[in-house]
Amino acid sequence: MRVAVAGGRGFVGSAIVRALGGAAVPVYRENYEEARRSGPFDVLVNAACPSRRYWARHHPEDDHRETVAKTKAFLRDWEWKSFVQISTISARTQLDTPYGRHRAEAEELCAGRLIVRLGPMYGTGYKKGVLQDMIGDRPVYAAGSSQQSFAPVDWCGRWVAEHLDSEGLWEVGARTTITLREIRDAVGSRSTFDSDWVDDQFPVVTGPEVDWPDASDVVSWLKEHSRPGES
């Protein structure tokens, strides 16, 4: 089996590549045309949509191009037997933002195929987001009561790799939730919550399942990565 993984060097894409091992063909900007010409592929996984919500708000046209137009190109220009769209729970919860709207629009292009909406994640390659803000004692621009289903990115990568023959819309993450305030207090961060916006992020479509991760495990990971000298 040959599986093209678009965005194969990104946070999620690289986790999918690790899970697939030798079956993966990582795709990124520098090898896009070479990889496209090397088809056909048994599966094309599109994990290339950017995950920068703040950037999308201030650059909506660029975000639309990188999300919707790029998805169209993978569907139209590449040879594949099955297509998997890696999306985000924000496609349901944040339709009032460019980020959420564009991901929902990209999902519509993939109707009838496997669409995986991922929730909040942590682990190998994590560089930006609310957890990084807590590590740095920086302000968090969401309400402390926000409930999120943090899951290890490598677990999410394995889930995708093991469900390539599935269909329909899945929301994937931890089977439980934890509030941002609970995380902050548990790790002793000095971050403040500088917004009343409740940023709830947890699966409600075809999930969660009993063997999915526990969101509270993020606390142990964050404590380990909050130690001086560690990244």
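Structure report, in brief. (Residues numbered from 1 in each chain as written. Predicted model: local features only at pLDDT ≥ 70, side-chain atom pairs only at ≥ 80, totals over all residues. Heavy atoms only, no water.)

## Side note on unusual backbone geometry
- Omega for the bond connecting Gly39 with Pro40 falls within 30 degrees of zero, at 10 degrees, which places this linkage in the cis form.
- Residue placement: Pro40 occurs in the loop between helix H2 (32–37) and strand E3 (41–46).
- Look at Asp137: it is not a glycine, yet its phi comes out positive at around 55 degrees.
- In this structure, Asp137 sits in the loop between helix H7 (130–135) and strand E7 (147–148). (Helix = DSSP H or I, 4+ residues; strand = E, 2+ residues; numbered from the N terminus.)

## Overview of the pattern of salt bridges
- All chains considered together, the criterion is met by 19 salt bridges.
- Between Arg103 and Asp63 there is a salt bridge, and its shortest N-O distance comes to 2.9 Å. Here the residue Arg103 occupies a position in helix H6 (residues 98–109), and Asp63 occupies one in helix H4 (residues 60–77), the gap between them amounting to 40 residues.
- Classification of Asp63 by relative accessible area gives buried; the value is 0%.
- The salt bridge involving Arg65 is made with Glu66; its shortest N-O contact spans 3.9 Å.
- For Glu66, a relative accessible area of 13% translates into the label buried.
- Through salt bridges with shared partners, one network takes in Arg29, Asp62, Arg65, Glu66 and Lys70. (Salt bridge = Lys/Arg side-chain N within 4 Å of Asp/Glu carboxyl O. Buried < 20%, exposed > 50% of the residue type's maximum accessible area, 1.4 Å probe, protein only.)

## Quick notes on the sheet that holds strand E9 (residues 169–172)
- Read across the open sheet, the 6 strands follow the order E2-E1-E3-E4-E5-E9; overall the sheet is parallel. Lying at the two open borders of the sheet, with one neighbouring strand each, are strand E2 (24–27) and E9. Here the strands of the sheet are splayed against their neighbours by 20 degrees on average, with no regard to which way each runs.
- Examined bridge by bridge, strand E1 (residues 3–6) and E3 share 4 bridges and lie parallel to one another. Across the sheet, Val3 pairs through a bridge with Val43, a residue of E3.
- Of the strands in this sheet, strand E4 (80–88), strand E5 (114–118) and E9 are in contact with H6, which crosses E4 at around 160 degrees. (Pairing = 2+ DSSP bridges. Axes fitted to C-alpha atoms, helices over the stretch in contact; angles between N-to-C directions. Contact = heavy atoms within 4.5 Å.)

## Considering H4
- The terminal C-alpha atoms of H4, which comprises 18 residues, lie 24 Å apart, in line with the 26 Å expected from a rise of 1.5 Å per residue.
- The sharpest bend along H4 measures roughly 25 degrees and falls at Ala69.
- Of all the positions in H4, only Asp63, Glu66, Thr67, Val68, Lys70, Thr71, Ala73, Phe74 and Leu75 are classed as buried.
- Turning to H4, the residues buried within the fold contact E1, H2, E3, helix H3 (53–58), E4 and H6. (Expected span 1.5 Å × (residues − 1). Bend = angle between axes of the 7 residues up to and from the residue.)

## Description of helix H8 (residues 153–162)
- Taken across its 10 residues, H8 has 7 buried, putting it largely inside the fold.
- By the burial criterion, the buried members of H8 are Val153, Trp155, Cys156, Gly157, Trp159, Val160 and Ala161.
- Those residues of H8 that are buried lie in contact with helix H1 (11–20), E4, E5, strand E6 (121–122), strand E8 (151–152) and E9.

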